[in-house]
Amino acid sequence: MAVTKRPLFDPPIVKRAIGEAFAKTVSPRHMVRNPVMFVVLLGSVLTTLILARDAVRGAGSIGFTLQIALWLWFTVIFANFAEAMAEGRGKAQADSLRAMRTTTAAKRLEDHTNKLSAEPVPATRLRRGDYVLCTPGDIIPGDGEVVDGVASVDESAITGESAPVIRESGGDRSAVTGGTRVLSDYLIIRITANPGETFLDRMIALVEGAQRQKTPNEIALTILLSGLTVIFLFAVATLEPFAIYSGGSVSIPVLIALLVCLIPTTIGGLLSAIGIAGMDRLIQQNVIAMSGRSVEAAGDVNTLLLDKTGTITLGNRQAVEFIPVAGVTLEQLADRAQLASLPDETPEGRSIVVLAKEKFGLRGRALADGRRVLVAATGAHEGDADAAHEAEFVPFSAATRMSGVNMGTLHVRKGAGDAVARWVEENHGSIPAGLKASVERIARDGGTPLVVAERSNGTAHVLGVIYLKDVVKGGIKERFDRIRAMGIRTIMITGDNPLTAAAIASEAGVDDFLAEATPEDKMALIKREQAGGRLVAMTGDGTNDAPALAQADVGVAMNSGTQAAKEAGNMIDLDSNPTKLIEVVEIGKQLLMTRGSLTTFSIANDVAKYFAIIPAMFVATYPALRGLNIMGLHSPESAILASVIFNALVIIALIPLALKGVRYRPAPAAAILRRNLWVYGVGGLIAPFAGIKVIDMLIVLLRLA
Amino acid sequence: MTANGWLQIGIFSTLVLLVTKPLGLYMVRVFDGSLTWLAPAERFIYRVAGVAPREDQHWTRYAVSMLAFSAASMLLTYAVLRLQHVLPLNPRGLGAVPDRQAFETAASFTTNTNWQSYAGETTMSYLSQMTQLTFHNFVSAATGIALAMALVRGIVRRSAGTLGNFWVDLVRGTLYLLLPLSMVFALVLTQQGVIQNVSQYVTATTVEGVKQVLAMGPVASQEAIKNLGTNGGGFFNANAAHPFENPTPLTNLLEMVAILCIPAGLTYTYGRMARNQRHGWAIWAAMYILLFAGITTSYRAEARGNPIHAAQGVDVATSAANPGGNMEGKEVRFGVVNSALFATVTTATSCGAVNSLHDSFTPIGGMVPIVNMQLGEVVFGGTGAGLYGMIVMIILTVFIAGLMVGRTPEYLGKKIEAREVQMAMLYVLVFAGAILVLSALAAVTPAGLTGINNRGPHGLSEILYAFSSTAANNGSAFAGLTGSTYFYNTLLGLNTLIGRFAMHVPMVAMAGFLAEKRIVPESAGTFPVTTPLFVVLLMFVILIVGALTFFPALSLGPVVEHFLMQAGRVF
């Protein structure tokens, strides 16, 4: 999806959010979903009624009650503003998605084998099972599966990736998404989703938060917050009888003010914003989660299953070293290896040329192989002018398991150890003693040995070995270290033999590996991990990954993958980057941390509010309670007002934190806990003392009380 | 405060520490069934009672068994108290206990509260004392331990639906743990001078030449279990201040250790059962630090005494000849330190035995017992009750703070989710609601106000104390409140039942929910429950939940009384 990085307070979003904050406030159906804020709303209404009564009677301290009422309303509105802000960011994204939802006509095929049977219909009339034809320039009218044709498709609207991708019938690249555009050739597509149920529609619904349901953790937290609210209701409601006993009385607006200050409004007001913002952050990473539940589960993951190829290693093996046998110089070996690889278009072959160039400055040479001529750079190696004569490329075949070139009498071969050895012996050569050791060492280290030999003047001899290696992605080991610090185990999945797998696993720093893995093995591994109480996350793209994706607690399907994989997973990565799983886990953790930190902050805040409000309430009855006014607040009215204002403003102040999430660095739980306790626990204890004091001074300065 | 005072506190603390591990290990074997030296007696009881000892109970069945047993034994006690005048072992010919008082007493003893609105020596026959009150002293304590075991099993069992067998836990707890310990302790007490007889009351002539009736009775047997089972119901009205209940400094020390030994030992038992001994010690540490804070606060307040006394020329300084501080309402035998220590220990646990009058403490000294009870009796707490109360607080702690490490909170591998939070909150809510609502009711109704002996903030402290003590199943009285009225008998009796059963059922339900869960293996990402940081956090949550709930009410009671005392006013 074309995600633009928006500033936190984007003016249009803010404007819309302000409007919505008011709309939400007057909607009881919306408010009742959040018990804490609902209590604040009731308190605001009650205070306003009392204000009206006092105004009519001309009794009571109207100015004070008016200010209390106003700030109570602000508390509700601020909380709704936070939620509207979080939704607004999603809505803005939804709007840009909606804009690309096609209103174009689709070419529906009466007969999917006959391209000429197309008739134009509006995309909205397409149903699951219809066949459509898409030609260059067409926008694909709905999600579907390619049944015929190969085409390059521009998916930038969905993925933000500008390079076109190939979509073709059969195999793992057959799924197309509505809203993307065909650039070349043609596709015949079987539509797999009815209008309103397409991927795009679901994405819009998700980012808008329209179908947002509370996640399990959010429900548990809501129960805790509601429970605390009831406890404070007891504490405040029983205060009036105790006051009467003590020979005093507390006015209802003041009791409401105390209640609102005590109940966890900070976290109560920001809770849904935090949840929406978490989903939003995921979308910023180009990952679409099908439910909030899966985002939470990502934070809980204990085991990550990662495919070796593409995730841990670069896609292909690369030459990293030349190992000559006794009597051959390194340069000689490099020269021959390069010669044998020049016409070799495979990534391995190219990597040999690159290595030779990097290490020995050997440049490309003009070489004719009968099919085409490679134009070499000028100023080639001294003496290589001769080499530029007729050369014949010997391609790799399953039978010979070698490739190479023939240039006149000079024949060079590279290939699997035993195959090259046989070729050398057939050509009257002998196998040098050191070769076997080199080959075995490379295999043991997880590499692939390629033996290079040449035949000149009728006899063949071995030159040495090229070390082809699975190249582990840069920085991946550090990432795994970070993941391990979070207490997550990584398991590498590979089709390699156990020896190779073990070597790569230790180089990449994964905790465990599954070698020679079949889809069944993968499934069994997931079930075994889950039976041990662990939550498993994995990525996958192929149809044979689908069962495992469905079984895993967090299954991230690649957008480039098959429809089956996408439906089985509970998240889709639009960038099709398997490493993204790590970010997904981090976002899940950050979401939970933000909730916990603000809950702690909210509860810790109450201590200061007690010291502000309790002496203010009872100082008339018991002047001795002045002793509790440790902040030295000016008057009972200013103290109560300052607490209510602080309580409301802190919601606004924390909106950026709720939207961005608390700072997250991978570390063991104990370290994270210590840090967050200092910041949000101790900070939450101290901050309101300072905040209430400052507001009190301002109130005095402005003569508000 | 004196070095001697601190030394005594130190000796007491060391004894509690030393007894924790051996008793904890013994209790592991009691409740895992591996101890069999009383197997014949055990089998006999099961056969007579028709219990299938091998049945493993689902939480609902466990809870129903517990409720049925409690209801039946409460009814029996009510009947015996009402009929004691026609039953044997009543040498004084005491009449039937009035209905409201019989209800309150039956409820109070069934719930391990032992709130007494009567004077034992003039109300209860020997039969009532021995067969009913002492009986409850044993089984209510055993019930508490059984419930704690059920919760622990819920936490340590893996994907199970069951919590053990209530009847087996009850029988084994009584048979292997409470009876032997009580027997040994009763013998030690009699050696020290605690009486044990069923004689007529003795009329003696005092040195002043006044005739005085000395109440007699089987005291030692009840005294032992009164402390070991954190019951606290005194044989005599003066409770542990009475020389026949608590004759020597040694008995005073041993009685305090007896009060704490099972609650302290259970932390070790828990650590062992959860295969996380460090966690057991972390709980012990949190409990002990809170206890020590209470002891220090109370001791400091009492040793400083009342400034008004000093202003009038009373010597409040401590010296070899003068205990100093606030000696009002204290036994000269025990002095300031042992009174403050005993008051803290008996209210931190749900014991409620007293060796001084808490009503006569300074406002802050008297607030310590109130706060101890209002924290929910988790500072070692009652037998069993302390542990499960603490575990509920741990679950809340883990939930609030656990989210901060970025995982669904989990406790010893069990995920804490909506249902568990719901039950834990219900547990806390019932407790807070019962104390606050009933206290408020007493504070503004004529029936409530006639019961209190002091006006002003001190009267409010008396009310808060009474309802905190009953809801927390402590049973100690501030004194100063005339509890034997219809109003107080009924409400306080009811409050003991709410404070026990309305909190037990959610707690057992939570145990049941936890039992069904899988255990997530521990990793570096797991919330740590063994570190000093955890101990601090746990104490913080306990204090803040308690403080936030009760601070407003307390500020109109002991807090303002303290400020007023500083200003020269007393009530």
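As a convention, each chain's residues are numbered from 1 in the sequence order in which they are written. Here the convention is simple: chains get letters from A, ligands get numbers from 1, in the order in which they are written. Note on the predicted model: pLDDT of at least 70 is required for a residue's local features to be given, and 80 or more for side-chain atom pairs to be given and counted; whole-chain, interface and lining totals, by contrast, use all residues. Here the side-chain values reflect all heavy atoms present in the structure, with hydrogen atoms and water set aside.

## Remarks on the sheet that holds strand S9 (residues 187-191) of chain A
To keep things clear, this is the line we draw: The criterion for strand pairing is that DSSP finds at least two bridges linking the strands in question. Secondary structure elements are taken from DSSP: a helix is a run of H or I of four residues or more, a strand is a run of E of two residues or more, and numbering for both begins at the N terminus.
Spatial ordering of the open sheet is given by S2-S1-S3-S9-S4-S7 (chain A), a layout of 6 strands whose pairing is antiparallel. Two strands lie at the open edges of the sheet, namely strand S2 (118-122) and strand S7 (175-176) of chain A, each paired on one side alone.

## Examining the nonpolar core
The condition that has to hold: What is meant by a nonpolar core is a set of buried Ala, Val, Leu, Ile, Met, Phe, Trp, Tyr and Cys residues, joined one to another through side-chain atoms within 4.5 Å. Using a 1.4 Å probe on the protein chains alone, a residue whose accessible area is under 20% of its type maximum counts as buried, one over 50% counts as exposed, and one in between counts as partly exposed. By definition in these notes, contact holds between two residues if any of their heavy atoms fall within 4.5 Å.
Residues Leu304(A), Phe12(B), Leu291(B) and Tyr411(B) are the most contacted members of the largest nonpolar core, which totals 342 residues. In this structure, Tyr411(B) is in contact with Ile155(B), Tyr270(B), His279(B), Ile391(B), Ile394(B), Ile395(B), Val398(B), Ile416(B) and Val529(B), ignoring residues within four places of it in sequence.

## Structural notes on the environment of Phe571(B)
Residues and elements named next belong to chain B. Among the secondary structure elements, phenylalanine 571 is positioned in the segment after helix H19 (532-566). Given the relative accessible area of 29%, phenylalanine 571 is considered partly exposed. Along the sequence, phenylalanine 571 and arginine 455 sit 116 residues apart, while their C-alpha atoms lie 6.7 Å from each other. With residues near it in sequence (within four places) discarded, phenylalanine 571 still touches Asn454, Arg455, Gly456, Pro457, His458, Glu561 and Leu564.

## What to know about the sheet that holds strand S6 (residues 165-168) of chain A
Residue and element names in this part refer to chain A. The 3 strands lie next to each other as S6-S5-S8, forming an open sheet whose pairing is antiparallel. Pairing within the sheet leaves two strands with one partner each, and these edge strands are S6 and strand S8 (181-182). As judged from the 2 bridges shared by strand S5 (residues 150-154) and S8, these two strands associate in the antiparallel manner. Looking at S8, one finds that valine 153 is bridged to valine 182.

## Some details on the interface of chain B and chain A
Stated precisely, the cut-off is as follows: Note on terms: buried area is the combined drop in 1.4 Å-probe accessible area of two parts once they are placed together, counting the loss on both. In what follows, salt bridge is the name for a side-chain nitrogen of Lys or Arg lying within 4 Å of a carboxyl oxygen of Asp or Glu. We define a polar contact as two N or O atoms separated by no more than 3.5 Å, with the added condition that, inside protein, one atom must be a possible hydrogen donor and the other a possible acceptor, whereas residues neighbouring each other in sequence contribute only through side-chain atom pairs. Residues are sorted three ways: Asp, Glu, Lys and Arg are charged, Ala, Val, Leu, Ile, Met, Phe, Trp, Tyr, Cys and Pro are nonpolar, and all the rest, Gly among them, are polar.
Across the boundary between the two partners, chain B contributes 62 residues, which contact 62 residues of chain A. Between chain B and chain A lies a buried interface of about 5200 Å² when both sides are counted; carbon and sulfur atoms form 78% of it. For chain B, the biggest contributors to the area lost against chain A are Met404(B), Leu548(B) and Leu556(B); these three give 15% of the whole. Run the count over chain B and chain A and you get 0 salt bridges. The interface formed by chain B and chain A holds 12 residue pairs in polar contact (both at pLDDT 80 or more) in total. For the side of chain B that touches chain A, the secondary structure elements donating two or more residues are helix H14 (385-402), helix H15 (418-444), helix H17 (456-471) and H19 of chain B. Tallying contributions element by element places H19(B) first for the side of chain B that touches chain A, with 16 residues. Looking at the side of chain B that touches chain A, its residues break down into 44 nonpolar, 13 polar and 5 charged.

## Some words on the environment of Leu290(B)
Residues and elements named next belong to chain B. With respect to the helices and strands, the residue leucine 290 is situated in helix H10 (residues 277-304). The buried category is assigned to leucine 290, whose relative accessible area is 9%. Remark: the alpha-carbon pair of leucine 290 and valine 392, spanning 102 residues in sequence, is separated by 17 Å. Leucine 290 has contacts with Val379, Met539, Ile542 and Leu543, leaving out every residue within four places of it along the chain.

## Digging into the packing of aromatic side chains
Residues and elements named next belong to chain B. This is how the line gets drawn: Working definition: rings of Phe, Tyr and Trp (its six-membered ring) pair if their centres are within 6.5 Å, and the pair is stacked with planes under 30 degrees apart, edge-to-face with planes over 60 apart, and tilted otherwise. Ring-over charges, as used throughout, are those where CZ of Arg or NZ of Lys falls within 6 Å of the ring centre and within 35 degrees of the ring normal.
With the rule as written, the count across this model stands at 25 aromatic pairs over all chains. Aromatic side chains tryptophan 37 and tyrosine 176 sit 5.9 Å apart centroid to centroid with 80° between the ring planes, which places their arrangement in the edge-to-face category. One end of the pair, tryptophan 37, is in the loop between helix H1 (3-31) and helix H2 (39-49); the other, tyrosine 176, is in helix H7 (residues 166-192), and 139 residues separate them in sequence. With a relative accessible area of 0%, tyrosine 176 lands in the buried category. For the pair phenylalanine 69 and phenylalanine 166, a centre-to-centre distance of 6.1 Å together with 55° between the ring planes defines the contact as tilted. Pair noted here: phenylalanine 69 is in helix H3 (residues 59-83) and phenylalanine 166 is in helix H7, with a separation of 97 residues, a long-range link. Across the pair, exposure class does not vary: phenylalanine 69 and phenylalanine 166 are buried alike. Site record: aromatic cluster; members linked through ring pairs are Trp6, Tyr268, Trp281, Trp284, Tyr288, Phe292, Tyr299 and Phe380. The cationic tip of arginine 100 hangs over the ring face of tyrosine 486; the distance from NZ or CZ to the ring centre is 4.9 Å.

## Comments concerning a nonpolar patch on the surface
Stated precisely, the cut-off is as follows: For patch building, the residue pool is restricted to those with more than 30% relative accessible area and no salt bridge; the joining distance is 9 Å between like charges and 5 Å between nonpolar side chains (Val, Leu, Ile, Met, Phe, Trp, Tyr). Values of accessible area rely on a 1.4 Å probe in the Shrake-Rupley scheme; residue burial ignores everything except the protein chains shown.
Together, Val694(A), Leu698(A), Leu701(A), Leu702(A) and Leu704(A) make up a nonpolar patch on the protein surface, roughly 500 Å² of accessible area in all. Along the chain, the position of Val694(A) falls in helix H24 (residues 669-701).

## Here we look at the pattern of salt bridges
Applying the stated criterion to the full structure yields 41 salt bridges over all chains. One salt bridge connects Glu507(A) with Lys469(A), and the closest N-O pair in it is separated by 3.4 Å. Here the residue Glu507(A) occupies a position in helix H18 (residues 498-508), and Lys469(A) occupies one in strand S19 (residues 459-472), the gap between them amounting to 38 residues. Taking relative accessible area as the criterion, Glu507(A) reaches 32% and is therefore assigned partly exposed. As a salt-bridge pair, Arg157(B) and Asp56(B) come within 3.2 Å of each other at their nearest N and O atoms.

## Concerning unusual backbone geometry
Phi at His428(A) is positive, roughly 65°, even though this residue is not glycine. Along the chain, His428(A) turns up in the loop between helix H15 (417-426) and helix H16 (435-444). The backbone of Arg275(B) shows a phi angle near 50°, a positive value even though the residue is not glycine. Overall, the relative accessible area of 78% leaves Arg275(B) in the exposed class.

## A closer look at the side chain of Lys24(A)
Residue and element names in this part refer to chain A. Mapped onto the secondary structure, lysine 24 falls in helix H1 (residues 11-25). Residue classification places lysine 24 among the buried residues on the basis of a relative accessible area of 11%. At 3.0 Å, the side chain of lysine 24 and the side chain of glutamate 87 are in polar contact. In this structure, lysine 24 is in contact with His30, Met31, Asn80, Glu83, Ala84 and Glu87, ignoring residues within four places of it in sequence.

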